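# A structural walkthrough
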Amino acid sequence: MSSSAKKPTDRVSWVWHGVYALVILAIGASLYFASKRIDYSWHWERLPEYVISTEGEEIRASFDGFVEISEDGKTLTMTEMKGSGRETFSGFSQVLVGQGDLVFQNDVLARKPGIRPGPLLIGLWLTLKISAISLVFALPLGLIAGLGRVARNPAARNLATTYVEIIRGTPLLVQIFIFYFFIGTVLQLSAFTAGVAALSVFTGAYVAEIVRAGIEGVARGQMEAARSLGMSYPQSMRYVILPQALRKTLPPLTGQFINLIKDSSLVSVMALTDLTKAGREVVSSTFSPFEVWFSVAILYLLLTGSLSLLVRRLEKRLAHD
Amino acid sequence: MTDRNPKLLIEANGVSKQFANGTQALKNVSLTVERGEVLCIIGPSGSGKSTLLRTLNALEEISEGDIQVNGHSVHNRKVDLNRLRTQVGMVFQQFNLFPHMTALENVMLAPLKVLKQPEAEVRARAEQLLAKVGLADKAQSHPAQLSGGQQQRVAIARALAMKPSIMLFDEPTSALDPEMVGEVLEVMKALALEGMTMCVVTHEMGFARAVAHRVLFMDHGEIVYQDAPAAFFDAPRNERLKTFLGQILKN
């Protein structure tokens, strides 16, 4: 009997869930009608091809030469124009050249069947890759700088503070330009390396502040107890303070990694085809900016959303320990 | 130090300490503790008794004076403070157990990492020590799962694991619920009976009277009076101490 009787708070909360749904619907509807008014023809059907391509892999000529197709149409042979090189292809589903055609290096000869990632997915992969690699470098960098921030040694403390202040006081876009044009040129870095370096150094400064807050959040008595047992400062940090501090920093670190994924969109200014740059390229070949940017946003959300879900699980497991 | 008395474990001479805000925490304090002696320090809050205790293992720096522990000058920059601290066990008011470790791991950490002793040996001794403080069955518990009294007993075992030659207790029962004070004092009493050298800052007058060899009264950063417990409590020959004891008895 009591199980069927609803508490009044349940009813109230359902009302507010309804309000939430209504507001979301209203925003969606107004977007829809607004787009109706501005004479824009939606072509969502063009989009999937750019996420997962069904066009298949392209077979390209590796030198200038003439095409020769076998009678059954299953093999294609290339003969080099100025030389004796020969090349034979098979296993394709569609031939894009004719018998005896003269083709040049890198021309598309045929297509193999199958699906492969489209430009948006390839861009997403680069975004994930550059963010993950940057995180791998940013964590130790931030840990060292964070330890420097709480160190008693003035050299360590001032160096760490200078680093954090400079990085937090300048826009990431400017830092990326400096890394790409100045440091990248001096050290001959590739665009990808420069991008990873810029993002690592940028994120490291924020990680340093997170680590510092975590260390300062550990009770003072912990360090005293460790030192009173004869442990050195590094030993106390390693075995007593950091294990407690790092557990507390997990939620803000996740937030920082999510920021990193979003900030990585700025590397698209240096000829790296990340998700954002891929979006721009797809816009220029489809002329469907609205659909593309909505899709790009959803792909970013997928990445960041699954990450925060993952960490929430991890936190729950740590809390049970 | 050729002229020092080998019986003296702690020898503090003319120790003064001024905090950064100008407060004079210790004024020209001199103190000796012999091997095997149990010394209780009492006094009103803010009298500098905890500060004095904390200068003995250099958790607090001093402005003037000299403190010798086992013949080593504690506040000399050249002394290996970490090694010296292994000989001075400390028990804190707030227990300060490491919350991310089990009771057993708390006890084992310093012998493993500082003394680099083999793990099997350290584990065996840690289990013995936990049994000694009556917590053999709590070895795998984390501090959050233990009562205050149990935590403080683990903290005592943790300090003993380093085989110190002296134990410092900084108000070890002040953060405890009244019903748990007894179990901690029992452990300390047993330790005193074994001949451990102890300095105990405390408000437990009953403990001081029963266990201490000497009781010391501090007020305003000075050692005002010291005597054997019977004389100290029953016939104090000092007005400030009389007033203090009178206030305590009233409560």
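How each quantity is defined
Residues numbered from 1 in each chain as written. Chains lettered and ligands numbered in written order. Predicted model: local features only at pLDDT ≥ 70, side-chain atom pairs only at ≥ 80, totals over all residues. Heavy atoms only, no water. UniProt positions renumbered as here; feature names shortened; annotations may be inferred. Contact = heavy atoms within 4.5 Å. Buried area = accessible area lost by both parts, 1.4 Å probe. Salt bridge = Lys/Arg side-chain N within 4 Å of Asp/Glu carboxyl O. Polar contact = N/O pair within 3.5 Å; in protein donor to acceptor, adjacent residues only side chain to side chain. Helix = DSSP H or I, 4+ residues; strand = E, 2+ residues; numbered from the N terminus. Nonpolar A, V, L, I, M, F, W, Y, C, P; charged D, E, K, R; others polar.

Chain B appears in an unreviewed UniProt entry as Peptide ABC transporter ATP-binding protein from Stenotrophobium rhamnosiphilum. Regarding chain B, the UniProt comment filed under Sequence similarities (unreviewed entry) reads as follows: "Belongs to the ABC transporter superfamily." In UniProt, chain B has this text filed under Subcellular location (unreviewed entry): "Cell inner membrane".

The name an unreviewed UniProt entry assigns to chain A is Putative glutamine transport system permease protein GlnP, from the organism Stenotrophobium rhamnosiphilum. UniProt, in the comment section headed Sequence similarities (unreviewed entry), describes chain A in these words: "Belongs to the binding-protein-dependent transport system permease family. HisMQ subfamily." On record in UniProt, under Function (unreviewed entry), the comment for chain A is "Part of the binding-protein-dependent transport system for glutamine; probably responsible for the translocation of the substrate across the membrane."

## Side note on the interface of chain B and chain A
Between chain B and chain A, the contact holds 24 residues from the first and 18 residues from the second. For the pairing of chain B and chain A, the buried interface totals around 1700 Å² over both sides, and the portion due to carbon and sulfur atoms is 60%. On the chain B side of the interface with chain A, the three residues burying the most area are Phe 98, His 100 and Lys 113 of chain B, jointly 28% of the side's total. One can count one salt bridge joining chain B with chain A. One salt bridge in this structure joins Glu 224 of chain A and Arg 54 of chain B, with 2.6 Å as the shortest N-O distance. Linking chain B to chain A there are six residue pairs in polar contact (both at pLDDT 80 or more). Where the side of chain B that touches chain A is concerned, the elements lending two or more residues are α2 (81–86), β6 (88–91), α3 (103–113) and α5 (148–160) of chain B. Tallied by class, the residues present in the side of chain B that touches chain A amount to 13 nonpolar, five polar and six charged.

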